[in-house]
Amino acid sequence: NAGVTQTPKFQVLKTGQSMTLQCAQDMNHEYMSWYRQDPGMGLRLIHYSVGAGITDQGEVPNGYNVSRSTTEDFPLRLLSAAPSQTSVYFCASSYTDRGHEQYFGPGTRLTVT
Amino acid sequence: SQQGEEDPQALSIQEGENATMNCSYKTSINNLQWYRQNSGRGLVHLILIRSNEREKHSGRLRVTLDTSKKSSSLLITASRAADTASYFCATAVYNQGGKLIFGQGTELSVKP
């Protein structure tokens, strides 16, 4: 199993550009989530999904969209990039939404200039 | 807002010593989890303790949970240089859609 994969590993955007961060898992997990990690802030939840076709907002959803058309994929879209979105983004998946351990991808380091 | 607060923020010890990290949280939880993050990598799950458990062991790891004080501790015994990483606690409440709320982490440095 590849586990949780994320692409790209690194990305530089100009302010106002849009892009999609890809996330896929091959463990047939129902629950998937996106976090951002900033220095001194720990991980903050952006959006999450408890199954295909179901998504919900986390702690810091503004400026991001998600969709979940399949169990395997959970892309995160930045609509109009801002310097405040410079961060490291992690995708994670879990067996269910009942507080099981989460499996994390390797992360995408995004810089917005 | 952050659920977990971790203490200390940074810890430096010698190989062979024990390392203790503490986590406090604000609301009732169903379980508490500890994760490790090596520099530049994703988080790796270490151990999960449920709200009705007081202590749990896994290899050189010992986790305690005191729900009356809303606190947990992670003890790493006989530390090794390879234990150098950031350690995060995360709390789960089942009726909140499976969300984990992470603390800010403790940066552990183990010197050979």
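Residues numbered from 1 in each chain as written. Chains lettered and ligands numbered in written order. Predicted model: local features only at pLDDT ≥ 70, side-chain atom pairs only at ≥ 80, totals over all residues. Heavy atoms only, no water.

K.L.:
Is there a simple way to explain the overall build of chain A in this structure?
P.N.:
Across its full length, chain A carries zero helices and eleven strands. Mapped in sequence order, the helices and strands of chain A form the string β-β-β-β-β-β-β-β-β-β-β. Taking 113 residues into account, the globule formula puts the C-alpha radius of gyration at 13 Å, and chain A, at 13 Å, falls close to it. Principal axes of the C-alpha set define a box for chain A whose edges measure 35 × 25 × 25 Å. Across the 113 residues of chain A, 47% fall into the buried class. Relative to all contacts within chain A whose residues are 6 or more apart in sequence, the contacts with residues 24 or more apart total 54%. In the structure as shown, chain A presents an accessible area of about 5,100 Å², 50% of it carried by carbon and sulfur atoms. Where the 8 positive side-chain charges of chain A centre and where its 9 negative ones centre are 11 Å apart. (Helix = DSSP H or I, 4+ residues; strand = E, 2+ residues; numbered from the N terminus. Rg over C-alpha atoms; globule rule 2.2 N^0.38 Å. Buried < 20%, exposed > 50% of the residue type's maximum accessible area, 1.4 Å probe, protein only. Contact = heavy atoms within 4.5 Å. Areas by Shrake-Rupley, 256 points an atom, 1.4 Å probe, with all protein chains shown as cover. Lys, Arg positive; Asp, Glu negative; His and termini not counted. Charge placed at Lys NZ, Arg CZ, Asp CG, Glu CD.)

K.L.:
Honestly, the pairing of strand β11 (residues 106-111) of chain B in this entry has me stumped. Any pointers?
P.N.:
On any regular strand, side chains alternate: one points to one face of the sheet, the next to the other face. All names here are of chain B. Only one face of β11 is buried, namely the one carrying T106, L108 and V110, since none of E107, S109 and K111 on the opposite face is buried. Relative to β11, strand β2 (residues 10-14) runs parallel, the two sharing five bridges. Counterpart to A10 in the pairing with β11 is E107. For strand β9 (residues 85-92) and β11, the ladder comprises three bridges, and the chain directions are antiparallel. By the bridge assignment for β11, A85 is matched with L108. (Pairing = 2+ DSSP bridges.)

K.L.:
How do you make sense of the state of the cysteines when you look at a structure like this?
P.N.:
When the sulfur atoms of two cysteines share a covalent bond, that bond is a disulfide. Tallying each qualifying case throughout the model produces two disulfides over all chains. A sulfur-sulfur separation of 1.8 Å characterises the disulfide bridge that pairs C23 of chain A with C91 of chain A. Handedness of the C23 of chain A-C91 of chain A disulfide follows from its S-S torsion of about -70 degrees: it is left-handed. Taken together, the residues C23 of chain A in strand β3 (residues 19-25) and C91 of chain A in strand β9 (residues 87-94) connect sequence positions 68 residues apart. Grouping residues by exposure puts C23 of chain A and C91 of chain A together as buried. Each sulfur of the disulfide joining C23 of chain B and C89 of chain B lies 2.0 Å from the other. (Disulfide = S-S within 2.5 Å.)

K.L.:
Looking at this structure, I do not really get the pattern of salt bridges. What am I missing?
P.N.:
Pairing of side chains with opposite charge becomes possible as their charged atoms draw close. Following the criterion strictly, the structure yields five salt bridges over all chains and no others. A salt bridge links K56 of chain B to E53 of chain B, with the nearest nitrogen and oxygen atoms 3.9 Å apart. Salt bridges sharing common partners tie together R36, D38 and R44 of chain A. (Salt bridge = Lys/Arg side-chain N within 4 Å of Asp/Glu carboxyl O.)

K.L.:
Teacher, can you tell me more about the environment of N62 of chain A here?
P.N.:
All names here are of chain A. Looking at the element boundaries, N62 is found in the loop between β6 (54-57) and β7 (64-66). Taking relative accessible area as the criterion, N62 reaches 69% and is therefore assigned exposed. Expressed as a C-alpha distance, the spacing of N62 and L79, which sit 17 residues apart in the sequence, is 9.7 Å.

K.L.:
What exactly am I supposed to notice about the packing of aromatic side chains here?
P.N.:
Aromatic ring pairs are described here by two measures, namely the spacing of the ring centres and the angle between the planes. A complete count under the given rule lists eight aromatic pairs over all chains for this structure. Geometrically, the ring pair formed by F104 of chain A and F102 of chain B is edge-to-face, given 6.0 Å between the ring centres and 80 degrees between the ring planes. In this pair, F104 of chain A sits in strand β10 (residues 103-104) while F102 of chain B sits in strand β10 (residues 100-102), so the two residues belong to two different chains. Among the aromatic residues, those joined into a cluster by ring pairs are Y35, F90 and F104 of chain A together with Y35 and F102 of chain B. Positioned above the aromatic ring of F74 of chain A is the side chain of R68 of chain A, whose terminal nitrogen or guanidinium carbon lies 6.0 Å from the ring centre. (Phe/Tyr/Trp six-rings, centres within 6.5 Å; stacked < 30°, edge-to-face > 60°. Lys NZ or Arg CZ within 6 Å of the ring centre and 35° of its normal.)

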